[in-house]
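Now for the letters of each chain:
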Amino acid sequence: MLLVPEREIANLMTLEAAFDAVEEVFAAMAAKDAYNFPVIREAIGHEDALYGFKGGFDRAGLTLGLKAGGYWPNNLEKFGHINHQSTVFLFDPDTGMPSAMVGGNLLTALRTAAASSVSIKHLARPDARVIGMIGAGHQSTFQLRAALEQRRFEKVIGWNYHPEMLPNIEKVANEAGLPFEAVTLDGMQQADVIISITSAFAPSLMAEHVSPGCHIACMGTDTKGKQEVEAALIAKGTVFTDEVAQSISIGEAQHAVADGLITSNDITELGAVINGTHAGRSSDTEITIFDGTGVGLQDLSVAAKVVDLAQKRGIAIEVDF
Ligand code: NAD
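Predicted, not measured: the structure shown is a model, and the values here were computed from it.

Peer 1: Quick rundown of the nonpolar core? Include the residues and the values.
Peer 2: Formed by 63 residues in total, the largest nonpolar core has its most connected members in M13, F26, V102, I131, V156 and I195. The two domains that each donate at least three residues to this core are domain 1 (2-108 + 297-318) and domain 2 (121-294). Look past the residues within four positions of V156 in its chain and what remains in contact with it is I131, M133, L144, L148, A173, L178, P179, F180 and E181. V183, C218, A231 and V244 belong to the second-largest nonpolar core, a separate cluster that totals 27 residues.

Written as structure tokens, this is what we have:
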């Protein structure tokens with residue numbers, strides 16, 4: 001069995017490797033070669049922690065396993081560890097023997113950023129030049145970095161509920177040599193692509209804030225009750241997702257479905273666009289929406305990639321288990 005500790009991930013994983021892993025597994029999901037297991041998420045009644053498992057099996061990539069982890073709100077203050085903690089476990093699908101244990105904290109941010117980046121590649125207008133960020137927390141910088149790879153963006157605009165956090169994304173824009181402008185929500189009308197990545201439980205982005213032809217990646221809503229985007233905006237656009245079952249239950253589309261504005265039949269897996277069984281964007285004025293809910297197979301695919309890279313570089317720690 002191989003171990004790849006958290007401390008090694010930053011040196012091993014690249015944006016490109018994460019992108020390829022997630023694009024491949026979304027395609028496998030849509031082709032029904034890969035599926036996610038039901039998600040377990042429990043308040044364990046200790047340290048206010050939320051703990052759970054996300055797992056799945058990719059028959060095409062032969063990746064089997066799970067990510068175990070969650071959120072410990074007191075970690076930073078009490079123990080000096082980050083609050084989100086996760087570890088990926090991979091198993092040999094032929095034998096059930098454990099094959100790898102991989103640090104999952106940085107990988108989670110990279111696989112989430114890769115998902116919206118894949119959606120931009122396949123759904124944004126080719127001439128997209130202005131990218132708008134809603135959210136400026138931990139995930140937002142990873143999101144922006146990965147998104148900038150996909151189009152010849154010329155400007156980054158941003159709005160955040162806590163404006164004092166906007167320098168986080170301004171820094172990423174400037175590192176890429178792009179100007180940054182803080183805007184009001186109305187100012188988002190300039191954007192050709194919008195990524196929303198907040199922990200909000202009420203919508204900020206309304207239909208009137210979005211111009212025709214925009215692609216929106218809704219990445220923050222991954223739990224029942226969370227919401228970043230007005231349900232009417234979801235109904236106005238064409239909705240794509242990683243997994244339909246999660247989109248309608250814990251994703252951004254949960255509200256539009258609950259309000260009776262759309263049904264699960266109106267939502268397409270992004271993998272279908274990658275595989276060419278769905279045409280994707282149909283006009284320059286269509287609003288496309290990616291509801292990125294975060295699936296276990298994303299975690300497993302990037303972890304498998306990291307194990308490969310670690311083996312090639314002689315960094316993986318082999319244990320007799
Ligand atoms: P963070 O705590 O670092 O940042 C939170 C962000 O939300 C900040 O921009 C903050 O200003 C904003 N915010 C907080 N309260 C708000 C409110 N009431 N209205 C509008 N904005 C508000 O969190 P993070 O690590 O960046 O994660 C952001 C979100 O992404 C979380 O909801 C997290 O669960 C989700 N997430 C999703 C996936 C996925 O696969 N889809 C993966 C990882 C994280």
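Peer 1: Give me the lowdown on the pairing of strand β17 (residues 288-291), citing residues and values where you can.
Peer 2: Taking every second residue as pointing to the same face, both faces of β17 are buried, with T288 and F290 on one and I289 and D291 on the other. By the bridge criterion, 4 bridges tie strand β13 (residues 215-218) to β17 in an arrangement that is parallel. What sits directly across from C218, in β17, is D291. Here 4 bridges tie strand β15 (residues 238-241) to β17, and the two strands are oriented parallel to one another. Residue pairing in the sheet places F240 in a bridge with F290 of β17.

Rules of the game
- Residues numbered from 1 in each chain as written.
- Predicted model: local features only at pLDDT ≥ 70, side-chain atom pairs only at ≥ 80, totals over all residues.
- Heavy atoms only, no water.
- Core = buried A, V, L, I, M, F, W, Y, C linked by side-chain atoms within 4.5 Å.
- Buried < 20%, exposed > 50% of the residue type's maximum accessible area, 1.4 Å probe, protein only.
- Domains from an automatic or database assignment.
- Contact = heavy atoms within 4.5 Å.
- Helix = DSSP H or I, 4+ residues; strand = E, 2+ residues; numbered from the N terminus.
- Pairing = 2+ DSSP bridges.

Purely geometric numbers; function is a separate question.
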